[in-house]
Amino acid sequence: MLTVNAYAATSATAPLGPTTIERRDLGPRDVLIEIKFAGICHSDIHNARNEWGGATYPLVPGHEIAGIVSRVGADVTRHAVGDRVGVGCLVDSCRECTNCRKGEEQHCLKGFVGTYGGVGRDGKPTQGGYSTHIVVAEDFVLKIPEGISLDAAAPLLCAGITTYAPLRHWGAGPGRKVAVVGLGGLGHMAVKIAHAMGAEVTVLSQSLSKKEDGLRLGADHYHATKDPETFQKLAGTFDLIVNTVSAKIDLDAYLSLLALDGTLVNVGAPAEPLSLQVFSLIMTRRSFAGSLIGGIQQTQEMLDFCAKHGLGSDIEVIPASKINEAYERVLASDVRYRFVIDIATLK
């Protein structure tokens, strides 16, 4: 076993603090990664505070991991010592069910193993990237292309794939009008990726305070949803709306913005239920859908796409000692646009 430094939540109400955890022994198909950077995702906060239920403590969050391979098992063929690699939201699955065989491990019929808060192959709770090292099966380790710095790449392992997957699945591209609800950690990547795919991109945000940023990131248009005229002006406009906010919204109002056969996709995950009027779907054959990250193959595709187009996350790098402060700033929307922990500050 390898003992490593980490930052953990010890209860739903306690602040995160320094601790040590044990990583499993390196198996023949495992990779030991020295973590360099770990992004802070809103879901880290939900889980650390048990807002989605089922949390077990101590809990080390973090599923936006970028680092360097420091050791490999005897049978590893995909990665070598010194490789730049990443780990996202899942570290294992059954690999045998229909969905896994299709490369959709995130929809494993037996349930994928989360990077933290899951149960690993050793029967112990998995612990995430707010730590100096992690051991992961080689099949669930991604290659980070040289064109992306490790710190800017870390959030791509969740925020990047969470937005890339629905944009790719629902056909964002030339001739398609795409709206992104919210310009935060997820939203800013959705704008960048949709623009790189060739879509006409509109940001729908509560106010115009981030308009300059939105246009810089690649948006063609920017509208404030606090202005009731926005929903009248844009009614029936969009082929695809990607909702990135983790809070309740008026689904009926946003569904009214869809064109014929348009789709509203939720990638934000609010803790409370959402509701809608069925007629919001029936009229003009609209769809309301959800999307959960992507499989390993698609995540690698996303990383290669981002490298090709020069995309990375806009980040603020922080020491581990500022994780709790960063959580509060995330909740206050006071980050542009993703906090990334410098894991060297854990050593």
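Provided above is the structure to which this section pertains.
Residues numbered from 1 in each chain as written. Predicted model: local features only at pLDDT ≥ 70, side-chain atom pairs only at ≥ 80, totals over all residues. Heavy atoms only, no water.

Under the definition given, this model contains 2 aromatic pairs. With a centroid separation of 5.2 Å and 85 degrees between ring planes, the pair formed by phenylalanine 231 and tyrosine 254 is classed as edge-to-face. Of the two residues, phenylalanine 231 is situated in helix H7 (residues 228-233) and tyrosine 254 in helix H8 (residues 251-255); the sequence distance between them amounts to 23 residues. By relative accessible area, which is 17% here, phenylalanine 231 ends up buried. On the basis of relative accessible area, tyrosine 254 is assigned to the buried category, the value being 7%. (Phe/Tyr/Trp six-rings, centres within 6.5 Å; stacked < 30°, edge-to-face > 60°. Helix = DSSP H or I, 4+ residues; strand = E, 2+ residues; numbered from the N terminus. Buried < 20%, exposed > 50% of the residue type's maximum accessible area, 1.4 Å probe, protein only.)

One can describe the packing of helix H4 (residues 159-169) onto helix H10 (residues 296-308) by two numbers: an axis separation of 10 Å at closest approach and a directional angle of 100 degrees. Comparing their axes, H10 and H4 come out roughly perpendicular. For the pair H4 and H10, the contacting residues are Gly160, Ile161, Tyr164, Ala165 and Arg168 in the first and Gln298, Thr299, Glu301, Met302 and Phe305 in the second. The class makeup of the residues in the contact of H4 with H10 is 5 nonpolar, 3 polar and 2 charged. (Axes fitted to C-alpha atoms, helices over the stretch in contact; angles between N-to-C directions. Parallel < 35°, antiparallel > 145°, perpendicular 65-115°, else oblique. Contact = heavy atoms within 4.5 Å. Nonpolar A, V, L, I, M, F, W, Y, C, P; charged D, E, K, R; others polar.)

The next subject is the side chain of glutamate 138. In this structure, glutamate 138 sits in the loop between strand S8 (133-137) and strand S9 (142-143). With near-sequence residues (within four places) excluded, glutamate 138 lies in contact with Arg29, Asp30, Val31, Asp75, Val76, Thr77, Arg78 and His79.

Attention now moves to H10. End to end, H10 covers 18 Å across 13 residues, agreeing with the expected 18 Å (1.5 Å per residue, within 8%). Inspection of H10 places Ile296, Thr299, Gln300, Met302, Leu303, Phe305 and Cys306 among the buried residues, and these make up the whole buried set. Here the buried face of H10 lies against S9, H4 and helix H5 (185-197). Among the residues trailing H10, glycine 310 stands out with phi positive, at a value near 70 degrees. (Expected span 1.5 Å × (residues − 1).)

A separate point is the sheet that holds strand S11 (residues 200-205). What the 6 strands build is an open sheet, ordered S12-S11-S10-S13-S14-S15; its pairing is parallel. One side of each edge strand has no neighbouring strand; the edge strands of this open sheet are strand S12 (221-224) and strand S15 (287-290). Sheet twist, expressed as the mean angle between neighbouring strand axes with direction ignored, is 20 degrees. Bridge analysis of S11 against S12 gives 4 bridges, and the strand direction is parallel. The partner of threonine 202 across the bridge, within S12, is histidine 221. (Pairing = 2+ DSSP bridges.)

Turning to the pattern of salt bridges, a few remarks are in order. Across all of its chains, the model carries 18 salt bridges by this definition. As a salt-bridge pair, aspartate 30 and arginine 24 come within 3.0 Å of each other at their nearest N and O atoms. When sorted by exposure, aspartate 30 lands in the same class as arginine 24, which is buried. Overlapping salt bridges bring together Lys192, Asp213, Arg216, Asp314 and Arg336 as one network. (Salt bridge = Lys/Arg side-chain N within 4 Å of Asp/Glu carboxyl O.)

With that settled, the discussion passes to a nonpolar patch on the surface. A contiguous nonpolar surface patch, about 440 Å² in accessible area, is contributed by Val278, Phe279, Ile282 and Met283. Summarising the element assignment, methionine 283 is placed in the loop between helix H9 (279-282) and S15. (Patch = residues over 30% accessible without salt bridge, like charges linked within 9 Å, V, L, I, M, F, W, Y side chains within 5 Å. Areas by Shrake-Rupley, 256 points an atom, 1.4 Å probe, with all protein chains shown as cover.)

Pairing geometry for strand S3 (residues 30-39) and strand S4 (residues 65-72), over 7 bridges, is antiparallel. When the sheet's bridge partners are listed, isoleucine 35 is paired in S4 with glycine 67. Bridge count for S4 against strand S5 (residues 84-87) is 4 bridges, and the pairing is antiparallel. The partner of glycine 67 across the bridge, within S5, is valine 85.

Turning next to the side chain of lysine 192. Inspection of the secondary structure assignment puts lysine 192 in helix H5. Looking at lysine 192, its side chain comes within polar contact range of the main-chain oxygen of glycine 312, at 2.6 Å. (Polar contact = N/O pair within 3.5 Å; in protein donor to acceptor, adjacent residues only side chain to side chain.)

Everything listed here is a matter of geometry and, on its own, says nothing about what the molecule does.
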